[in-house]
Every structure is written in structure tokens, then in C-alpha cells.
Amino acid sequence: MRGLESLRIATRALRVNKLRSALTVLGIVVGVGAVVCMVSVGAGAQAEVSEKIRTLGANLLLVMPGARNSGGARLESGTQPTLTEEDAASIRRELVDVRVAAPLLSRSIPLVAANKNWVTVVAGINADYLVAREWQVADGRSFTSDEIVSGAKVAIVGSVIVEELFNGRTGPGETLRIGNVPFTVIGVLGKKGAGAAGRSQDDVVFIPLSAAKSRVLGAVRGTTREALDFISIKVSDATAMPEIERQIETLLRQRHRIRADAPSDFKIENPADILFARGAAVRLLGTLLIAVAAVSLVVGGISIMNIMLVSVTERTREIGLRMAVGASRRDIRWQFLIEALILSLMGGLVGAVSGAVAAVAIAWKAGWPILISPWAIVLACGFAGFIGISFGLYPAHRAARLDPIVALRFE
Amino acid sequence: MPPLVRTAGLSRHYSCGGTIVRAVSDVSLAIEHGDFVAIRGRSGSGKSTLMNLLGLLDRPDSGEYALNGREVAKLSEDGRATIRRHDIGFVFQVPALLPRATALENVELPLVYAGVPPSRRRRAAKEALERVGLADRGHHWPNQLSGGEQQRVVIARATVNDPALILADEPTGSLDSATSDEILSLFETLHHDGRTIIVVTHATDVADRARRQITLHDGRIIKDAQVAARNSPLNTAVLGSSP
Ligand SMILES: Nc1ncnc2c1ncn2[C@@H]1O[C@H](COP(=O)(O)OP(=O)(O)OP(=O)(O)O)[C@@H](O)[C@H]1O
Ligand SMILES: [Mg+2]
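Because the structure is predicted, anything quoted here is derived from the model rather than measured.

K.L.:
How would you explain the sheet that holds strand E8 (residues 196-200) of chain B if you had to name every residue and give the values?
P.N.:
Residue and element names in this part refer to chain B. Judged by pairing direction, the sheet is mixed, and its 6 strands sit side by side in the order E6-E7-E8-E3-E9-E10 without closing on themselves. Taken across any chain shown, the strands that pair with only one partner, and hence form the sheet edges, are strand E6 (88-91) and strand E10 (220-226). The sheet shows a mean angle of 15 degrees between the axes of neighbouring strands, direction not considered. Along the sheet face, helix H1 (residues 47-54) touches strand E3 (36-41), E6, strand E7 (165-169), E8 and strand E9 (212-217) and points at about 155 degrees away from the line of E7.

And the structure:
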């Protein structure tokens, strides 16, 4: 009852100074906004990283051509055709913990099916690649070893291709021209969604590596026919990954006859590590921003305190009058506390909304899932309220402590 | 039944730059229920200080004060607030209204703090405004009202909670004589309704309407006279010439 009355009095007082009230809560708005935004963005980024690592396939290493950036001249990755199918085969053969070592050669090429065109990545692989990526053929079948060896004109396509070229009809049995060479679709892959680079992993056509080399890619590549884009290596045991990395390094340096003091002409990456690192970077940024938000909330609290102190001074006569007609100290204290609380909660609400909007915008731009955490909103608003109460306490106390007769005489 | 107001040796001192000002000094008085008392005296004689003490806005330095038989001089601030809320209505010299509340809301204020539910509060405030002849001004803001009207709103507020004691410190001090007259008539009506009123005034015509006149000088009561008959020219002459 009394609480409701204080609420009414407080909102009226705040409405009188709309602009001042709005400016006062700016710090709270920024603080709460940053918290809500960062928690949501962090959660989205985290979900994204986990999802990508999941679709990547577990325990994956990539070997790519190109020099490491060590000491002397830097060689652009991929400019030197250094990785061959033989390298892949020997990694598989020599290293016990390697389950598969799948070579891949790819290029963006226009596709034609019936009267439709589509440009996509066509990759020459063998069946090992799908094992490495833990990628199932959802419809149809995978390559047979005969097809791999003979370089048959068969293709396995991603779900995007089915949608774009075959109007969503089932893929197997369809014919597809890659460049000018007709291929028969034998399988459609299960969906993977967006990859590490952001583009859909399902927008892809796989053909046997030998077919790629001889019929599609090798001819136009202008480099050695043997050159691979990368080798995907699936390791049987996650804990063995650093060791395997070292073993691959030694093996390939031997095979490529690289002198001990020369840099390698290939590099080994752990894509999960890279994704984790990116996730960690987002998290670090989030932590920093939350620190900024905390500062902002405290500053917001101080500005609430400041404005409440001003307000108490301005309204000293009003306070005296209220006391004269019977307001107790508790009534006065409540009036100003509730005013501070409303100020901070309004700031919190506006901040939460703008933070959520910002988070949605960021997630949308980055292609992350949108994860607005209701807990972050509740927590941030709760904290804003806490700030409002704690910084409103002293001004409210000052108001309540006024002597009625002194307050009434105040000029 | 004890007198409504009984003070004994009530004193309030201010020390200002080494000198002690005895604003109210050793005041003992009793005021019965239903009385209409005028307090007079020169400027600085301690009238306002005494009113603030009687209205429990200020604390005495020494002395006793029993309101309605209850000792209130040493009450806590909250205890004093409770008595102000229920038993006292205050009218100030300068009409004191909340500028951002309508006339009606201003009148409601004591009831708000008394915890009266809104509908009952509204009804009581309307009745109080009606009694001071401002029934149609309930939704006006204070700055839309004349000084006299504002003072009537204040009187409505001072009476809305049906207080035992109404205190008015120079209620007509800032008004012209015609308006003052209206205000005084209001006090008379209140008195006829059986309320106890103490009014501080410089003006003789105000004092003349009271039943009892107390004169202060340097914080002490120097004269305390029952007015036998209303508007007696004799009384006016005597009191008008007193210090
Ligand atoms: N807050 C204060 N601090 C110091 N002295 C004060 C204070 N309030 C009042 N006084 C002194 O107390 C004395 C009585 O003041 P009070 O206001 O009661 O006089 P008054 O009779 O109401 O005068 P007036 O008719 O002018 O209103 C004065 O001498 C005044 O200077
Ligand atoms: Mg005075």
C-alpha cells in the first residue's frame, strides 16, 4: 500500500525531469547493454565453435603446402606444389596412430545440370576423406575403390547442390557437367551446415581424386598434376595429436629432402585448436567488455547517487512539507530509494533491450546462432537494481535524516 | 478530561555566535479542547518557535509537553511523525503546497501517509475541499490558484485527517484584507465545528475573532486573556497597545 504510493510519487518526480533521468541512467544502460550483449555473443560464438568442431570431425589434422614463416623469405601458403598423394599414402603407412590420411585437391568450377548453372567447390578425394570428416552419405553410396583407381566420372554432392541444381529431387542418378565433363551423381551427403570460414560446407561436389587430376582440375591448374590442396589426417587418439604432428613433420621433411636448417615447405594445422583459439579470443574480448561494463555500472551508480543528492537538496522544502503532514523517516527514505531503484531498473531495461538488439545484429552479421540468455538479462537488470539501491541508499538516508523544521525553512 | 495542550516550562534556545537566543523560554500553558487561541507578539518574540514546538516540528530544549494527556516532548522522530500525521494540522504563513501535485492530491497527502485507501482518501479530500469552497478546483495545479485559494487548500489539507489541533502561523500574512477575511471565516467555522485552533497573528482583527489571546515577548508569555465577547472594542484597544 505505502510501497505503491511511493512508486507513484517516484515515477512522477522522475517524469518531471525526463531528460535528466535519461542522462543519469546512461551508465547503467551501457553497462547492462554490454553485459547482455557480450554474454549473448559469447554464448553464440561458443555454440558456433562447438558446432564447427563437431562437423569438422574429431581428431583432425591438416597438412597444407607452403612454407612456415620462419626467419627468411615468407612463402605464400599454397604457392608451392609440394604435397602429393604419395605423401598422404606414406603418412598413413608409416605412422601407427594415423587412421586415415586423405588427400584433397579442389577448385571452384561452374556446374551445369539440365538448364541450371552453379559455381561451387569441386574436390577430388578418395573415400578416406569422408572418414576423416566423419561425413556420411545420406542418400546413394560412396566411391568404390575401383572408381577411385580408375578415375570414374562419378560424383557425391552436398545437399546445397541438390537444392540448387536438381530442384531438390533426389540426387543419385542425375547427371552433372563439371566444366565440360559429365559426371553421374552416385550419392548425396548428410548436412553439415556452415563451416569454419562461414560458407556452407554442403555447397560442394566430391569426385575421385584421379578423375579430378586427369579430367577436371589438373589440366587447367598449370602446376604439377601431383600437387594437393591439403591432406586431412584423422588420428585415432586425441592425446597423441602433438606427437603425431611432430612425426608427420619429420616424415615429410625426410620425404621432401629438406635440410636441417631450412624451413619446411608445408605446414600442419589443428583446425580444432584454431577454432578453440578463436572462441577463446571472443571469450577474452567478452571478459574485457564485461570489465568495461562493470566500470560503467559503477559509474552509472555514482551518477544516480549524484543526481539523487541533487534531487534531495532541490526538494528539501518538499521533504519538510511531507514530514510536516506526517511522513515518517521511513516514508521519505522509501520515496527516494524507490526513485533510485526505478531509475536504475529503467536503465537496466533499456540496456538489456539494446544489448540484445546489438547481440542479434552481431550474431546475424557473423552467422552465429542467436542465443539471448534470459539469465544474463535477469542478472544484469538485477545487478542494475542492486546498484540503484546501494547508490540510492545514502541520498535516501540524507533525505530521511532531515530535520522537519530545518527542511521547511530551507531556501 | 485533560486539556488538549499542556506545557510546563517549555523552552527552546538557539545559540548563535556565542549569544544565546531564548526563542521560547519557560512557557507553561494549557489549552482546552475546542478553544480558539490567538498568539500575538512582536516580530522575534518566539511565536513561530512556539508553534513549531506545539506542532511537533521542533524539539524543546527543556520542559514538558503533553498533547491530549500524552507526554510528547521526548518522543522519537517517528513517534512525532505519527502524531503530526493523526493529531495535528499545520497552516503556514506562505501557502505550502507541493507544486507538482493537484489541489486534491495536496489535500490527500496526510491521508496517504496515514495509509488510508485511495478511494476513501479521495472522498475525504473532496469533502475537505468542499468545506473550504474549492470543490471545483480539485484538479488545478497550485500555480493555477490565487494565494487565497492556495491557503484554503492548505486549510483543507490541515483538516482532512480530522486533527485534534489545528495550528496556523500567520495564515493571512501574505494575503490582502478581503482574502484574509475569508480565511478567518473559515477558521471560525472550524471553531464552531468544535475544533481546537491556535493561530499566530499580527493583525488585531484576526486576534479579535479568537476566544483567548496569548501575548509573547522575548519568548515568554506576558499576557493571557480570555476574550469575553466577540469584537469588543475595549479588548482591541487594550491588546493593541500592549507590547
Ligand atoms: N534557526 C534559528 N537559529 C537561530 N535563531 C533563531 C532561529 N529561528 C529563530 N531564531 C530566533 O528566535 C527568535 C524567535 O524567532 P521566531 O521565528 O519564533 O519569532 P516570531 O515571533 O515568529 O517572529 P515573526 O513575527 O517575525 O515571525 C528570534 O530572535 C530569532 O532570531
Ligand atoms: Mg514567525
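That was the structure; now back to the text.
K.L.:
Please set out the nonpolar core residue by residue, giving values where relevant.
P.N.:
Ranked by size, the top nonpolar core spans 77 residues in total, and within it Val5, Leu50, Tyr65, Leu67 and Ile198 of chain B carry the most contacts. Of the residues forming this core, the biggest block, 9 residues, is contributed by helix H13 (residues 329-366) of chain A. Dropping the residues within four chain positions of it, Tyr65 of chain B is found in contact with Val5, Arg6, Thr7, Leu10, Leu53, Leu54, Leu56, Arg70, Glu71, Val72, Ala73 and Leu165 of chain B. In this structure, Val107, Leu129, Val154 and Leu190 of chain B belong to the second largest nonpolar core, which totals 34 residues.

K.L.:
Report on helix H12 (residues 316-324) of chain A, specifying residues and quantitative values.
P.N.:
All names here are of chain A. For H12, a buried count of 8 out of 9 residues is recorded, marking the element as mostly surrounded by other parts of the structure. Turning to H12, its buried residues are Thr316, Glu318, Ile319, Gly320, Leu321, Arg322, Met323 and Ala324. Positive backbone phi, at 120 degrees, marks Gly326, one or two positions downstream of H12.

K.L.:
Describe the interface of chain A and chain B, and please don't skip the residues or the numbers.
P.N.:
Many analyses report the size of an interface as the accessible area lost when the parts associate. The partner chain B presents 27 residues to the 25 residues of chain A that form the contact. Surface buried jointly by chain A and chain B totals about 2300 Å² across both partners, of which 58% is contributed by carbon and sulfur atoms. Here Glu105 of chain B makes a salt bridge to Arg8 of chain A, at a shortest N to O gap of 3.8 Å. At the junction of chain A and chain B, the tally comes to 5 residue pairs in polar contact (both at pLDDT 80 or more). Counting only elements with at least two residues in the side of chain A that touches chain B, the list comes to helix H1 (2-16), H12, H13 and helix H15 (404-409) of chain A. For the side of chain A that touches chain B, the residue count by class is 11 nonpolar, 3 polar and 11 charged.

K.L.:
An account of the site of ligand 1 is requested, with residue identities and associated values reported.
P.N.:
As a structural note, the neighbourhood of ligand 1 is formed by 15 residues, with Ser43, Gly44, Lys47, Ser48 and Thr49 of chain B the closest of them. Those residues lying near ligand 1 are distributed over chains A and B. Here an oxygen atom of ligand 1 sits 2.8 Å away from a polar atom, N or O, in the main chain of Gly44 of chain B. In the complex, the protein chains occlude 67% of the 630 Å² of accessible area that ligand 1 would expose alone.

K.L.:
Residue-level account of the packing of helix H3 (residues 103-113) of chain B against helix H5 (residues 147-160) of chain B, with values.
P.N.:
All names here are of chain B. Running from amino to carboxyl end, H3 crosses H5 at an angle of 25 degrees, the nearest separation of the two axes being 8 Å. For the element pair H3 / H5, the angle class is roughly parallel. When you trace H3 past H5, the crossing you get is right-handed. Where H3 approaches H5, its residues Ala103, Asn106, Val107, Leu109, Pro110 and Leu111 are matched on the opposing element by Val153, Ala156, Arg157 and Val160. Tallied by class, the residues present in the contact of H3 with H5 amount to 8 nonpolar, 1 polar and 1 charged.

Calculation criteria
Residues numbered from 1 in each chain as written. Chains lettered and ligands numbered in written order. Predicted model: local features only at pLDDT ≥ 70, side-chain atom pairs only at ≥ 80, totals over all residues. Heavy atoms only, no water. Pairing = 2+ DSSP bridges. Helix = DSSP H or I, 4+ residues; strand = E, 2+ residues; numbered from the N terminus. Axes fitted to C-alpha atoms, helices over the stretch in contact; angles between N-to-C directions. Contact = heavy atoms within 4.5 Å. Core = buried A, V, L, I, M, F, W, Y, C linked by side-chain atoms within 4.5 Å. Buried < 20%, exposed > 50% of the residue type's maximum accessible area, 1.4 Å probe, protein only. Buried area = accessible area lost by both parts, 1.4 Å probe. Salt bridge = Lys/Arg side-chain N within 4 Å of Asp/Glu carboxyl O. Polar contact = N/O pair within 3.5 Å; in protein donor to acceptor, adjacent residues only side chain to side chain. Nonpolar A, V, L, I, M, F, W, Y, C, P; charged D, E, K, R; others polar. Near = heavy atom within 4 Å. Areas by Shrake-Rupley, 256 points an atom, 1.4 Å probe, with all protein chains shown as cover. Parallel < 35°, antiparallel > 145°, perpendicular 65-115°, else oblique. Left-handed = near helix turned anticlockwise from the far one by under 90°.

These figures capture arrangement, not role.
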